[in-house]
Amino acid sequence: MSEKIKVLIAKPGLDGHDRGAKVVARAFRDAGFEVIYTGLRQTPEQIVNAAIEEDVDAIGVSILSGAHNHCFSEIMNLLKHNSIDDIMVFGGGIIPEDDVAYLKSIGVAEVFGPGTPTDDTVKFVKANVRKGNE
Amino acid sequence: MSFDASLVGRFLKGDKRACARIISIIEDRRRGYEEYMEALQPHVGSAYIVGITGPPGVGKSTLINRLAAEYLHAGCSTGVIAVDPSSPFTGGAVLGDRIRIGEIALDPKFYFRSLSSRGSLGGLSEAAVDVIRVMDAFKKEIILVETVGTGQNEVDVMRACDTTVVVTMPGTGDDIQAQKAGILEIGNIFVINKADRDGCERTLRELQSMLMMNPLNDKYETPIILAKSNIGEGIAEIKAAVDKHRIYLETSGWFSVNRAERNARAFKNIMNLKIIDEINRRLSRAENYEEIESQVKNGALSPHRASVQLMEYIEKKILHHSAE
Ligand code: B12
Ligand SMILES: Nc1nc2c(ncn2[C@@H]2O[C@H](COP(=O)(O)OP(=O)(O)OP(=O)(O)O)[C@@H](O)[C@H]2O)c(=O)[nH]1
Ligand SMILES: [Mg+2]
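Note that this is a predicted model, so its numbers are computed, not measured. (Residues numbered from 1 in each chain as written. Chains lettered and ligands numbered in written order. Predicted model: local features only at pLDDT ≥ 70, side-chain atom pairs only at ≥ 80, totals over all residues. Heavy atoms only, no water.)

## Things to note about the sheet that holds strand S3 (residues 93-95) of chain B
To be explicit about the condition: Pairs of strands are assigned from DSSP output, requiring at least two bridges between the strands. Runs of E in the DSSP output that reach at least two residues are strands. Runs of H or I that reach at least four are helices, and both are numbered from the N terminus.
In spatial order, the strands read S5(A)-S4(A)-S3(A)-S1(A)-S2(A)-S3(B); together these 6 strands make up an open sheet with parallel pairing. One side of each edge strand has no neighbouring strand; the edge strands of this open sheet are strand S5 (111-112) of chain A together with S3 of chain B. Strand direction decides the pairing type here: strand S1 (residues 6-10) of chain A and strand S3 (residues 58-63) of chain A, joined by 4 bridges, are parallel. Looking at the pairing, Leu8(A) lines up with Ile59(A) of S3(A).

Dropping the structure here:
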């Protein structure tokens, strides 16, 4: 058997905007990835715990509610707190340019906005996760 | 990657990340995975394993969330393994059973792991069974295993469980009929979930009459439990039924008989897979293998005739050769 790229698709926050997360999850599945989908309203603690238990290569966060700076920085802090440096964090949704720069400065690998072709996100994951590089 | 003894050390101290990594190594059958199984072997055997099976959408994950909460509340360290089908075309999968896990997710005594069936040639049940053993060695006292109740793979996974709970719901009379082969025999406890829905009585009667066909057992009567998992109704009854079945197994002696058979079956399955792999590997080096394959493809040779030829080759060149 082979090693599959494994991605957690997480949807933090209290809002119900889950279309983007589902579109991305399906595209990843079709690209042959294993996707763990945790559903709506996940706290950063739940997201990081799920990433640990499932031993994923990447956490993909979908945020359209405007709470991205807070959510991403919580996730990055929790990962650091657990000394995890081999899980890539990336995401998408409604995130203004200025904030994208901030998110990258705290270690978020990439942010994909509305209208991104899913092929681009698939290619990005393949090129940037631990397993893809081996 | 070679065997990492410090990973096992961390695992035995209860480190979740080490457990997660070892599960991946074993699930993926990475090179040398057997060494990890070997290292954990002395720690395997104390968990009680409960299989939860049933058709898509009956509420297995919802039920598991509630049942796990019940066990955690009783102080039991609890693990869940959720097996989900993967796409047979791409091998990819969306594993969504975690969605139903509520606040217990962050309980330090809880561990949840999703497994995809990977559309591979066999091996799912074997890998799942090994992952059960890893969680057992990780000192989970109760392990709940979710599978969709169709196909031989799933039945094999259920046979690796001590107690099997078959979940159905009202209005699925035909489903029960379809599942009859295999599933009805392996069910130790039946749950009609979504009992809030119409048709519950009828499903109950159908199930009762089907269970009458099972061989008579005067020591254990297979219970049928009505549940509304989304609001937690019937869950305490399910837990009590599991306890009762466990006591029956232990007092009747079946517990150890089943486990011995399970070990023997695991051994046989592992050997079968390895033998097939090895023979295929050597067979593909046979000088006329590609020739035969292309003749089968274009219809010049029937698959049966080809198999006879290759079996002769195996007999003469592979088996005979190694016997010397
Ligand atoms: C559809 C929609 C809804 C639907 C959601 C249905 C659902 N189940 O998802 C409904 C009608 C329920 C809804 C409700 C609300 N909405 Co609304 N909604 C939208 C809308 C119009 C489109 C979102 C969408 O589904 N796009 C389609 C998907 C496929 O695109 P996407 O999510 O952007 O995803 C793509 C990329 O962003 C990226 N991506 C996304 N996630 C991820 C993750 C990863 C890992 C990766 C790699 C990529 C990636 O890839 C995807 C494919 O290209 C947006 C406006 C907009 N143009 O985006 C507003 C919008 C998101 N909503 C908004 C608001 C305010 C609300 C409400 C609060 C409105 C209200 N006042 O009641 C409520 C919230 C209710 C609640 N409890 O959630 C605001 C948010 C404002 C903000 N961020 O500051 C927006 C931006 C509208 C606006 N301009 O004001 N909404
Ligand atoms: N009405 C009702 N709905 C329920 C009950 N139990 C679960 N559900 C709902 O049924 C749906 C499916 O539940 P899941 O727990 O995901 O079912 P599952 O069997 O795990 O599904 P798969 O893993 O996809 O096979 C969810 O929307 C649940 O909320 C119940 O007792 N009554
Ligand atoms: Mg499920």
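## Comments concerning the packing of aromatic side chains
Residue and element names in this part refer to chain A. Operational definition: Here is the rule: rings of Phe, Tyr and Trp (six-membered ring for Trp) pair when centre to centre is within 6.5 Å. Planes less than 30 degrees apart are stacked, more than 60 are edge-to-face, and the remainder are tilted. Partly exposed describes any residue whose relative accessible area lies between the buried limit of under 20% and the exposed limit of over 50%, with all areas from a 1.4 Å probe on protein chains only and scaled to the type maximum.
Applying the stated criterion to the full structure yields 9 aromatic pairs over all chains. Geometrically, the ring pair formed by Phe 28 and Phe 33 is tilted, given 5.2 Å between the ring centres and 45° between the ring planes. Taken together, a centroid distance of 6.3 Å and an interplanar angle of 40° make the contact between Phe 90 and Phe 124 tilted. Linking Phe 90 in strand S4 (residues 88-93) with Phe 124 in helix H5 (residues 118-128), this pair joins segments that are 34 residues apart in sequence. Across the pair, Phe 124 and Phe 90 agree in class, each one buried. Among the aromatic residues, those joined into a ring-pair cluster are Phe 28, Phe 33, Phe 90, Phe 112 and Phe 124.

## Thoughts on the coordination of the cobalt atom of ligand 1
Cut-off, in case you're wondering: Coordinating N, O and S atoms are those within 2.8 Å of the metal (3.2 Å for Na, K and Ca), and as water is not part of the atoms, a site may appear to have fewer donors than expected.
Its sole protein donor being His17(A) (NE2), the cobalt atom of ligand 1 sits 2.2 Å from that atom. Among the secondary structure elements, His17(A) is positioned in the loop between S1 and helix H1 (19-30).

## Digging into the coordination of the magnesium ion (ligand 3)
All names here are of chain B. Surrounding the magnesium ion (ligand 3) are the protein donor atoms Ser 61 (OG), Asp 97 (OD) and Glu 146 (OE), which sit 2.0 to 2.2 Å from the metal. Taken in sequence order, the residues that donate to the magnesium ion (ligand 3) follow the motif S-x35-D-x48-E. Highlighted residues: Ser 61 in helix H4 (residues 60-73) and Glu 146 in strand S5 (residues 142-148), separated in sequence by 85 residues. Glu 146 shares its class with Ser 61; the two are buried.

## Quick notes on the packing of H1(A) against H5(A)
All names here are of chain A. The condition that has to hold: Axis lines are fitted to C-alpha atoms, over the contacting stretch for helices. Their N-to-C directions set the angle, which ranges from 0 to 180 degrees. Here is the rule for angles: anything less than 35 degrees is roughly parallel, anything more than 145 is roughly antiparallel, 65 through 115 is roughly perpendicular, and the remaining ranges are oblique. Should the near helix be turned anticlockwise from the far one by less than a right angle, the crossing is left-handed, and should it be turned clockwise, the crossing is right-handed. In this description, contact between two residues means that some pair of their heavy atoms is separated by no more than 4.5 Å.
Two numbers describe how H1 lies on H5: the axes approach to 10 Å, and their chain directions differ by 60°. Judged by the inter-axis angle, H1 sits oblique to H5. When the axes of H1 and H5 are compared, the crossing they make is right-handed. Facing H1, whose interface residues are Val 23, Ala 27 and Phe 28, H5 presents Thr 118, Thr 121, Val 122 and Val 125.

## Comments concerning the packing of helix H1 (residues 5-12) of chain B against helix H2 (residues 16-27) of chain B
Residues and elements named next belong to chain B. Where we set the bar: Polarity classes work like this: nonpolar for Ala, Val, Leu, Ile, Met, Phe, Trp, Tyr, Cys and Pro, charged for Asp, Glu, Lys and Arg, and polar for all others, with Gly in that last group.
At their nearest, the axes of H1 and H2 sit 8 Å apart, and the two run at 125° to each other. One element, H1, and the other, H2, form an angle in the oblique class. For the element pair H1 and H2, the recorded crossing hand is left-handed. The segment H1 lies against H2, with Leu 7, Val 8, Arg 10 and Phe 11 engaging Ala 18, Cys 19, Arg 21, Ile 22 and Ile 25. Partitioning the contact of H1 with H2 into residue classes produces 7 nonpolar, no polar and 2 charged.

## Quick look at the site of ligand 2
All names here are of chain B. Heads up, the condition is: In these notes, residues near a molecule or strand are those with any non-hydrogen atom within 4 Å of it. Contacts described as polar in this section are N or O atom pairs within 3.5 Å, which, within protein, must combine one atom able to donate a hydrogen with one able to accept it, while residues neighboring in sequence count only if both atoms come from side chains. We get accessible surface area from the Shrake-Rupley algorithm with a probe of 1.4 Å; when it comes to residues, only the shown protein chains can shield them.
Neighbouring residues of ligand 2: 17 residues in total, closest Lys 60, Thr 62, Asp 97, Arg 100 and Asp 196. Measuring from an oxygen atom of ligand 2, one finds a backbone N or O atom of Gly 57 at 3.1 Å. Within the side chain of Asp 97, one N or O atom sits 2.9 Å away from an oxygen atom of ligand 2. In the complex, 76% of the free accessible area of ligand 2, which totals 660 Å², lies under the protein chains. Those elements giving two or more residues to the shell around ligand 2 turn out to be H4 and S5. Residue contributions to the shell around ligand 2 peak at 3 residues, all from H4. Broken down by class, the residue content of the shell around ligand 2 amounts to 3 nonpolar, 7 polar and 7 charged.

## Quick look at the site of ligand 1
Residue and element names in this part refer to chain A. Neighbouring ligand 1 are 25 residues, the closest being Gly 16, His 17, Asp 18, Ser 62 and Leu 64. In the model, an oxygen atom of ligand 1 is placed 2.5 Å from a nitrogen or oxygen of the Gly 16 main chain. One of the backbone N or O atoms of Leu 64 is found 2.7 Å from a nitrogen atom in ligand 1. Only H1, S3 and S4 provide two or more residues apiece to the shell around ligand 1. The class makeup of the residues in the shell around ligand 1 is 8 nonpolar, 14 polar and 3 charged.

## Side note on the nonpolar core
All names here are of chain B. Put simply, the rule reads: Grouping buried Ala, Val, Leu, Ile, Met, Phe, Trp, Tyr and Cys residues that are joined through side-chain atoms within 4.5 Å yields what is termed a nonpolar core. The start and end points of each domain follow an automatic or database-based domain assignment.
Ranked by internal contacts, the top residues of the largest apolar core, which has 36 residues, are Phe 11, Ile 22, Ile 81, Val 134 and Ile 143. Mapped by element, the contributors of at least two residues to this core are H1, H2, helix H3 (33-40), strand S2 (78-84), strand S4 (110-116), helix H5 (124-137), S5 and helix H6 (151-158). Here this core spans two domains, and each of domain 1 (1-42) and domain 2 (44-253) adds at least three residues to it. Contact partners of Ile 81, with chain neighbours within four places excluded, come to Arg 113, Leu 115, Val 131, Ile 132, Met 135, Ile 143, Leu 144, Val 145 and Glu 146. Of all hydrophobic cores here, the second largest spans 34 residues; its members include Leu 63, Ala 82, Ile 101 and Ile 189.

## Some details on unusual backbone geometry
In this structure, Ser83(A) takes a positive phi of about 45° despite not being glycine. Summarising the element assignment, Ser83(A) is placed in the loop between helix H3 (68-81) and S4. Backbone geometry at Arg29(B) places phi at a positive 55°, although glycine is not the residue there.

## Topic: a nonpolar patch on the surface
Short version of the rule: The patches described consist of residues with a relative accessible area above 30% and no salt bridge, like charges being joined within 9 Å and nonpolar side chains (Val, Leu, Ile, Met, Phe, Trp, Tyr) within 5 Å. By definition, a salt bridge exists where a carboxyl oxygen of Asp or Glu is found within 4 Å of a side-chain nitrogen of Lys or Arg.
A contiguous nonpolar surface patch, about 300 Å² in accessible area, is contributed by Phe267(B), Met271(B) and Ile275(B). Mapped onto the elements, Met271(B) comes out in helix H10 (residues 254-283).

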